[in-house]
Each structure stands twice: as structure tokens, then as C-alpha cells.
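What follows is each chain in one-letter form.
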Amino acid sequence: MAHVLLLGGTTEARALAAALAAGHPAGRVTSSLAGRVAEPRLPVGEVRIGGFGGPEGLAAWLRAERVTAVVDATHPFAAAMSRNAAEAAAATGVPLLALRRPGWAPVPGDRWHRVPSLASAADLLPSLGRRILLTSGRQGIGAFAHLDGLHFTARSVDPPEPPLPASLDVLLDRGPFTLDGERAVLREHRIDVVVTKDSGGAATAPKLTAARELGLPVVVVDRPPAPAGVPVAETVQAALAWLADR
């Protein structure tokens, strides 16, 4: 019997799990979440939470559970997990697909500053403004902890852990976000710069529109590429087609 392992708790991962549960001939489907969010949105079907113990541990799990295909639908910035998946798939011969929603593209009126890393974003911020909306995830806030003279409003699902900037407000919230809501956040917190990772998708895109309306600069951290040699699907439908051929 086929056994598909879905890595990640993204919107696309949940949609793929739902599609497979609705009758796609995949046999057994297991969704695996990293466990970094205290109360994750769980996909339908069988779920495991927690790490595998690196590529060797994942390879052992693939063998023990007789996995026949892996879909890496982790967050576009979960580079370590994607590397582990690629190494484990290569070691076991299990087919691997990366499911990655397309990144965002600027439109006329955007004032984007693309950077390769959070560290580069931190270097750029003092030249752009003083009141920063950080939407780069709680694990990335430490990259800005050394910056004095700036005030940060950081939004995350769970509370961040030190190191943290000296001047910091935390908004605990989870997407999808609305345009009206993003306008209100920028206005109420007097934001003059937005920092985001290029996660793509519609759930968190309204902040880009709100920033464009106000003429605010947006620092966009480029996503890492998928591991070399791993095929990439941009939609759930494309992933389903790939699985149908396995």
C-alpha cells in the first residue's frame, strides 16, 4: 500500500492532506509537523508532531514506515528541514517533491528592498525608519536585538524568546489577515517600515498592500532555494498530479 509523508503545517500542506483524504488513491497519508507552534492548525488524517533526529532519523522513519513518497510542504524558509528531507530521500530512494507556493512580486507603487537574510535586513533598517513592524516570525526577532534607537512591533503566533530588542511590542496573532486590519496595525503603531520574509500566498499579503497605500518601505527577505535536484510544484493540484504518477 502506498504511504505518503507530508512534511509541514502550511496552508498547502493542509489542503493537500484534505485532498488526499477526500479520495485520492494515495493509501496511507501521514502529516508531520515540527511542533514549533503551541497550538498548530492540524490537517485532517494521521498526524505526527516533532522532529525526526536529522536526515538519518528521517531516513530510518521512511524505511520503518514503508513510505513510498514524500512531499516537502514546509514553510519556504524551513531550509534545514528541506535539506534533511532531500538527504533522507536520496539515502532511501524515496521520491521527493517540494511543494512551494510562488513568492510575492512587487507591483507599481511598492517600495521594496530585497535582502538575502534577516541580518541584512537589520543592517538596512536604521536608514529606512524608526518604527518597525516585524512579521518575520518569532524565531527571527533575535536578529534585530542589537538595534538601539528603533522601536519594534513584532507579530507572531506564539510569544518570542530572548534575545529581543530593547524597545518592543508583541502582537500575538495568526493569519489570514485582512486589508482593513493591516491598515489599522500600521496606523495605530505608527509604523514607518515593514519587514517580512517572502513567504508568498494570500494569507499574509494584505500588509504589502497596506504598506503600498501609505508609501512605506518594505524590507523583503528572499527565500532560500529548494535543494538541488528536488522537483518543485507550486500548487496542490500539481502535487496531486505528481503523486498520481508514483
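This one's a predicted model, so the numbers in the text were calculated from it and none came from an experiment. (Residues numbered from 1 in each chain as written. Predicted model: local features only at pLDDT ≥ 70, side-chain atom pairs only at ≥ 80, totals over all residues. Heavy atoms only, no water.)

Caption draft 1: Region of the structure containing the pattern of salt bridges. Applying the stated rule across the entire model yields ten salt bridges. For the salt bridge of E65 with R28, the shortest nitrogen-to-oxygen distance reads 3.0 Å. Residue E65 is found in the loop between α2 (54-64) and β4 (69-72), and its partner R28 is found in strand β2 (residues 28-33); the two are separated by 37 residues along the sequence. By relative accessible area, which is 27% here, E65 ends up partly exposed. (Salt bridge = Lys/Arg side-chain N within 4 Å of Asp/Glu carboxyl O. Helix = DSSP H or I, 4+ residues; strand = E, 2+ residues; numbered from the N terminus. Buried < 20%, exposed > 50% of the residue type's maximum accessible area, 1.4 Å probe, protein only.)

Caption draft 2: Spotlight on a nonpolar patch on the surface. Together, L42, V47 and I49 give the surface a local cluster of nonpolar side chains, amounting to about 260 Å² of exposed area. Inspection of the secondary structure assignment puts V47 in strand β3 (residues 46-49). (Patch = residues over 30% accessible without salt bridge, like charges linked within 9 Å, V, L, I, M, F, W, Y side chains within 5 Å. Areas by Shrake-Rupley, 256 points an atom, 1.4 Å probe, with all protein chains shown as cover.)

Caption draft 3: Here's a closer look at the side chain of D198. Along the polypeptide, D198 turns up in the loop between β10 (193-197) and α6 (206-214). In this structure D198 comes out as buried when scored by relative accessible area, which is 6%. At 2.8 Å, the side chain of D198 forms a polar contact with the backbone nitrogen of W104. Beyond its immediate sequence surroundings of up to four residues, D198 is in contact with F77, G103, W104, R114, V220, V221 and R223. (Polar contact = N/O pair within 3.5 Å; in protein donor to acceptor, adjacent residues only side chain to side chain. Contact = heavy atoms within 4.5 Å.)

Caption draft 4: Representation of helix α1 (residues 11-21) within the structure. Along α1, the residues that are buried comprise E12, A13, L16, A17 and L20. Across the axial projection of α1, the buried residues extend over an arc of 135°, all falling on one side. A positive backbone phi angle near 135° is found at G23, which sits one or two residues after α1. (Arc of directions from axis to C-beta.)

Caption draft 5: Molecular detail of unusual backbone geometry. In this model, P162 is joined to P163 through a cis peptide bond whose omega is 5°. Its place among the elements puts P163 in the loop between β8 (151-156) and β9 (168-172). Geometrically, the link from G175 to P176 is a cis peptide bond, its omega value of 10° lying close to zero. For P176, the position within the fold is in the loop between β9 and α5 (179-188).

Caption draft 6: Quick peek at the sheet that holds strand β7 (residues 131-135). In space, the six strands of this open sheet follow the order β6-β11-β10-β7-β8-β9, with parallel pairing throughout. Edge positions in the open sheet fall to β6 (111-115) and β9, since each of these has one partner strand only. Geometrically, the sheet is characterised by an average inter-axis angle of 20° between neighbouring strands, direction not taken into account. Taken together, the five bridges between β6 and strand β11 (residues 217-221) define a ladder with parallel strand orientation. Following the sheet pairing, R111 is matched in β11 by P217. Running at roughly 155° to β10, α6 makes contact with β6, β7, β8, β10 and β11 of the sheet. (Pairing = 2+ DSSP bridges. Axes fitted to C-alpha atoms, helices over the stretch in contact; angles between N-to-C directions.)

Caption draft 7: Representation of the sheet that holds β3 in the model. As summarised here, the arrangement of the six strands in space is β3-β2-β1-β4-β5-β12, forming an open sheet in which the pairing is parallel. Of all strands in the sheet, those bounded by a partner on one side alone are β3 and β12 (232-233). Relative to strand β5 (residues 96-99), β4 runs parallel, the two sharing three bridges. The residue bridging V70 from the neighbouring strand is L96, located in β5. Against the sheet, helix α3 (residues 79-92) engages β1 (3-7), β4 and β5, with an angle of about 160° to β5.

Caption draft 8: Representation of the packing of aromatic side chains within the structure. Counting across every chain of the model gives two aromatic pairs. For the ring pair F52 and W61, a centre distance of 5.6 Å and an interplane angle of 70° mean the geometry is edge-to-face. Residues F52 and W61 agree in their burial class; the two are buried. Consider the rings of F144 and F152, whose centres lie 5.8 Å apart with planes at 50°: the pair is tilted. Looking at F152, the relative accessible area reads 0%, which means it is buried. A cation over an aromatic ring shows up here: R155 above the ring of F177, its NZ or CZ 3.8 Å from the ring centre. (Phe/Tyr/Trp six-rings, centres within 6.5 Å; stacked < 30°, edge-to-face > 60°. Lys NZ or Arg CZ within 6 Å of the ring centre and 35° of its normal.)

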